[in-house]
Amino acid sequence: VSLTGNQTLYAHWTAVKKYGVTIYNGTGNKTEMYPAGTSVRVKADSLENGMEFSKWVVLSGNIKLENESDIETSFTMPERSVVIQAVYEKSQADTDAGTDTDTDTGTDTDAGKDADTGKTDTPEADTEQDDEDDEEDESDLWTEFISGKIRYEVMDGKEAAVVGLKTKQVTKVKIPSTVSYDGRIYKVTEISDYAFKKSSVTEVVIADSVKEIGTSAFLGCKKLVKVTIGANTTKIGTKAFKDCSELKTIIVRSKKLKRIGKNAFSAREDLESVSIPKTVETLGRYAFYNCKKLKSISLYDSVEDYYDGVIKQCHCLEEVKLTQLRGDYSVMKELLADTDRRLHFRIEPCGLQLTFPAYVYNFVEDVEARVLHHKIEGSGYPYRECVTRKGVDLLAYDRLFSQVVNDDYRTAIEIACDRLMYPVELENHLREQYEQYLEQNAEVILKVLIPENKVEEISYLCASCLIPEAALADALPLASEEKMSQIAAILMEYQRSNFGKKKASTMSLDRSEER
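Below, the structure is looked at part by part. In this text the structure is predicted, and so the values were computed from the model without any measurement. For every chain, the first residue of its written sequence is number 1, and the numbers climb from 1 along that sequence. Two thresholds apply to this predicted model, a pLDDT of at least 70 for residue-level local features and 80 or more for giving and counting side-chain atom pairs, whereas whole-chain, interface and lining totals are computed over all residues. Side-chain figures throughout are based on the complete set of non-hydrogen atoms in the structure, without hydrogens or water.

**Points about the sheet that holds strand β11 (residues 172-175)**
- When DSSP locates at least two bridges between a pair of strands, those strands are taken to pair. We count a stretch as a helix when DSSP gives it H or I for four or more residues in a row; a strand needs E for two or more, and each element gets its number in order from the N terminus. Spatially, four strands are ordered β11-β14-β16-β18 in an open sheet, and the strand pairing comes out parallel. Each edge of the open sheet carries a strand with a single partner, namely β11 and β18 (249-252). Geometrically, the sheet is characterised by an average inter-axis angle of 5° between neighbouring strands, direction not taken into account. Here, axes are lines fitted to C-alpha atoms. For helices the fit covers the stretch in contact, and angles between N-to-C directions go from 0 to 180 degrees.

**Observations concerning the packing of aromatic side chains**
- When the centres of two rings from Phe, Tyr and Trp lie within 6.5 Å, Trp using its six-membered ring, the rings pair. Their planes under 30 degrees apart give stacked, over 60 give edge-to-face, and anything left gives tilted. Taken as a whole and assessed by the stated rule, the structure comprises 15 aromatic pairs.
- Here the aromatic rings of F241 and F265 are separated by 5.4 Å at their centres, their planes lie at 5°, and the arrangement is stacked. In this pair, F241 is assigned in the loop between β17 (235-236) and β18 and F265 in the loop between β19 (259-260) and β20 (273-275), connecting sequence segments 24 residues apart. Of the two residues examined, F241 and F265, each falls in the buried class.
- Relative to F499, the ring of Y494 has its centre 5.7 Å away and its plane inclined at 80°; by these criteria the two rings are edge-to-face.
- The buried label applies to any residue whose accessible area, calculated with a 1.4 Å probe on protein chains only, is under 20% of its type's maximum; exposed applies above 50%, and partly exposed to all values in between. On the basis of relative accessibility, which here comes to 5%, the residue Y494 falls in the buried class.
- The exposure class assigned to F499 is partly exposed, which follows from its relative accessible area of 25%.

**Digging into the pattern of salt bridges**
- We count a salt bridge whenever a side-chain nitrogen from Lys or Arg sits within 4 Å of a carboxyl oxygen from Asp or Glu. Evaluation of the coordinates by the stated rule reveals 16 salt bridges.
- Residues R41 and E66 are paired through a salt bridge, measuring 3.7 Å at the closest nitrogen-oxygen approach. Of the two residues, R41 sits in strand β4 (residues 39-44) while E66 sits in the loop between β5 (51-60) and β6 (72-76), which places them 25 residues apart along the sequence.
- A relative accessible area of 58% places E66 in the exposed class.
- Here R410 makes a salt bridge to E452, at a shortest N to O gap of 2.3 Å. Remark: E452 occurs in the loop between α9 (442-449) and α10 (455-463) and R410 occurs in helix α7 (residues 409-421); sequence separation between them is 42 residues.
- Residue R410 is classed as partly exposed on the basis of its relative accessible area, which comes to 38%.
- E452 sits in the partly exposed class, given a relative accessible area of 39%.
- Among the charged side chains, a salt-bridge network with shared partners connects R41, E66 and E72.

**Description of the sheet that holds strand β22 (residues 296-300)**
- Across the sheet, five strands lie side by side as β20-β22-β24-β25-β26; this open sheet has mixed pairing. Among the strands making up the open sheet, the edge pair consists of β20 and β26 (352-356). The average angle at which neighbouring strand axes cross in this sheet is 15°, direction not considered.
- Inspection of the sheet shows strand β24 (residues 319-323) paired to strand β25 (residues 343-348) by five bridges, in the parallel sense.

**Concerning the nonpolar core**
- As used in this record, nonpolar core signifies buried Ala, Val, Leu, Ile, Met, Phe, Trp, Tyr and Cys residues forming a set joined through side-chain atoms within 4.5 Å. Among the nonpolar cores identified, the biggest contains 111 residues, and I175, I191, F196, F218, F241 and M332 are the most heavily contacted of them.
- When residues of this core are assigned to their parent elements, the largest contribution, seven residues, is made by α7.
- Residues are treated as being in contact if the distance between any of their heavy atoms lies within 4.5 Å. Other than its neighbours up to four places away in sequence, I191 contacts V162, I175, F196, I206, V210, E212, I213, G214, A217 and F218.
- Counting 18 residues, the second largest nonpolar core, distinct from the first, contains Y34, V58, I63 and V82.

**Things to note about helix α12 (residues 485-499)**
- Expected helix span is taken as 1.5 Å per residue step, with the number of steps being one fewer than the number of residues. A rise of 1.5 Å per residue sets the reference length of α12, with its 15 residues, at 21 Å; its end C-alpha atoms lie 20 Å apart and thus fit the reference within 8%.
- Burial in α12 covers these residues: I487, A488, L491 and Y494. Viewed end-on, α12 has its buried residues packed into an arc of 130°, placing them on one side of the element. Among the exposed residues of α12, those oriented more than 90 degrees off its buried face are S485, Q486, M492 and R496.
- In the core, the buried residues of α12 are packed alongside α10 and α11 (472-481). The directions considered for the arc are those from the helix axis to the C-beta atoms.

Any link to function would need more than the numbers given here.
As structure tokens, this is what we get:
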């Protein structure tokens, strides 16, 4: 930072959330709590009594170990707690030493057999077999296997998770609802953290059985173009689709999606429109951060947890459609607090349309006091203060019109048209201020509306007779020049109906004139 003169700077600190690591039969780093994204190194204990290290087993956290067979390994900390265990087995030398290779053991092979049947009498055979089955079930836990193009991991006796691809060359992937391994059928319920990270996949179809898409599951998939999310997905994890620069289509069929995680779609350069289903209750921090081409968002007031930065740096975002199921305005207030740019809201089912101007923070240096004072410029900030979690103070909103007229005439035009065309709780004397502004500035207003093909607004101005005859002189040639034939027809009909010259009709009673 380069400073000139005497200035005062203030540092703002944000607490970093950390997650726990539990290690059985091993030791990790000095601390046991780590922020997400940290590289954690662990080392297995050395055991005596003829035991040697076999492998690491992940009990929870769905992490990807650098090498599960190394006595010392590492992993990247996810946004959840992790439990891992070092597994041991008898050393080969100890096993060989304890093996009796003498074939003449002197064992009576008939001992324990039934005198009549000749079968061995084993009353605990069933119990031992059950124990063996249980041990077999447990031994399959966290086992990785390959089926088709996909690598899986057994999560429990009935479920499996997608952990990666068979090879890096795989491009099209269809994740099935079930997968078979070792004679058993597992239900595929999860895409693990980092499963497809920086892979070459171009198209992915996710089965309805998948409930969760893990952290960074598709992070950095530069060739990914299309994703279809199944009907039962409840969570899209942190950074799940971050930096997928070519991802043009995301089809969300889920009616159970409740959470969109931190940075889930951040830095998407192609995303232009987002439709968030009504089941979503949580929008994680920076969920759509820096989506440079994002122009519109549609969502519901069912969103209860809105974290900072969801739409920050989305400089092209102009339109928000908010459908109310509960009559709650909390998410509207949060969206407005997240951006200082102009934002237009369409609120259903009440039919209200409101535009909120932009504003900027400026800093003024007080040299004598050696401090910086912040100053808010633009009418956008007071307009935002009209919104509470319970509603919009429309009377206060309408009374601010003189401020926006002075600093942003284009936004003033939009506000005036919206309030007249959708006059929810609009008082008569405030209606007159909007009508007067549009009529007095009709010539300039038409030059703004015609190139943008604002047919609905121009139709309203004509129907309300708010366009003086003088304003048509430039408007008609402009509509023709811009090839806006529908607008030209509307203006020509308006001119004919309101300002057309009528021929005077005469009638003579002097019959001599007829001769």
